[in-house]
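Listed here are the chains, written in short residue letters.
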Amino acid sequence: MTVYTPRRAARVLLVDAAGRVLLFDGTDPARPDHRYWLTPGGGLDPGETPAQGAARELAEETGLRLDPAALGEPVWSETIEFTFDGVGYRQEQQFFLVRVPAWEVDTAGFTDLERASVAGHRWWSPEELAASGDRYYPAELPAVLTRALADATAGQASC
């Protein structure tokens, strides 16, 4: 039986002008054959709000620095159970949508573990993801992204 460590996290759907989301090409150090794509983000520091954690992680992993208030409200949340590097986690995570015209990703802020477990990055459309056959997290990502973009567009139209 796996014992899960509770963890809170914040993740970012960083979307460019073409409607593509930034994903990192990751692997689990304990299972090098387990490759997947994932959004920028990670665990919250003690006392950190989800928006603060999302902004911090975004800066560390992509070089994009934003005020946490600029992230607005989360567009999706979930609780997942997974193992990484031999440790089981039960993670409550919230996703924030951030739109940019374009962005040149700067991974200089990666931790040693991120440098060891992330091979690169790519911008994906929801359609490319759904048709890829690649593993990505969350598994619902194309639908979550499509819904978040539609909701954001509807919100802009009503202003």
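Read on for a plain summary of the structure.

Conventions used here
- Residues numbered from 1 in each chain as written.
- Predicted model: local features only at pLDDT ≥ 70, side-chain atom pairs only at ≥ 80, totals over all residues.
- Heavy atoms only, no water.
- Salt bridge = Lys/Arg side-chain N within 4 Å of Asp/Glu carboxyl O.
- Helix = DSSP H or I, 4+ residues; strand = E, 2+ residues; numbered from the N terminus.
- Buried < 20%, exposed > 50% of the residue type's maximum accessible area, 1.4 Å probe, protein only.
- 1 Å grid on protein atoms, 1.4 Å probe; cavity = no way out; pocket = protein on both sides within 12 Å on 5 of 7 lines; lining within 4 Å.
- Points joined across faces, edges and corners; volume = space filled by probe spheres on them.
- Nonpolar A, V, L, I, M, F, W, Y, C, P; charged D, E, K, R; others polar.

What follows covers the pattern of salt bridges. Inspection of the entire model under this criterion finds 10 salt bridges. Among the salt bridges present, the one from R56 reaches D45, with a minimum N-O distance of 3.3 Å. Pair noted here: R56 is in helix α1 (residues 50–62) and D45 is in the loop between β4 (41–43) and α1, with a separation of 11 residues, a long-range link. In this structure R56 comes out as buried when scored by relative accessible area, which is 18%. In this structure, E128 engages R122 in a salt bridge whose closest nitrogen and oxygen atoms are separated by 3.6 Å. Judged by its relative accessible area of 34%, E128 falls in the partly exposed class. Residue classification places R122 among the partly exposed residues on the basis of a relative accessible area of 34%. Several salt bridges share partner residues, and in doing so they unite D45, E48, R56, E57 and E60 into one network.

What follows is about the layout of surface pockets. Of the volumes computed, that of the largest pocket is approximately 790 Å³. Around the largest pocket, the lining comprises 37 residues; the ones closest to its centre are R7, R11, L38, F82 and F84. Of all the secondary-structure elements, those providing two or more residues to the lining of the largest pocket are β1 (4–15), β2 (21–28), β3 (31–38), β4, α1, β5 (76–84), β6 (87–99) and α2 (112–117). If one sorts the elements of the lining of the largest pocket by residue count, β5 sits on top with 6 residues. In the lining of the largest pocket, the residues fall into 15 nonpolar, 12 polar and 10 charged.

Fair warning: the whole summary comes from geometry, so function is off the table for now.
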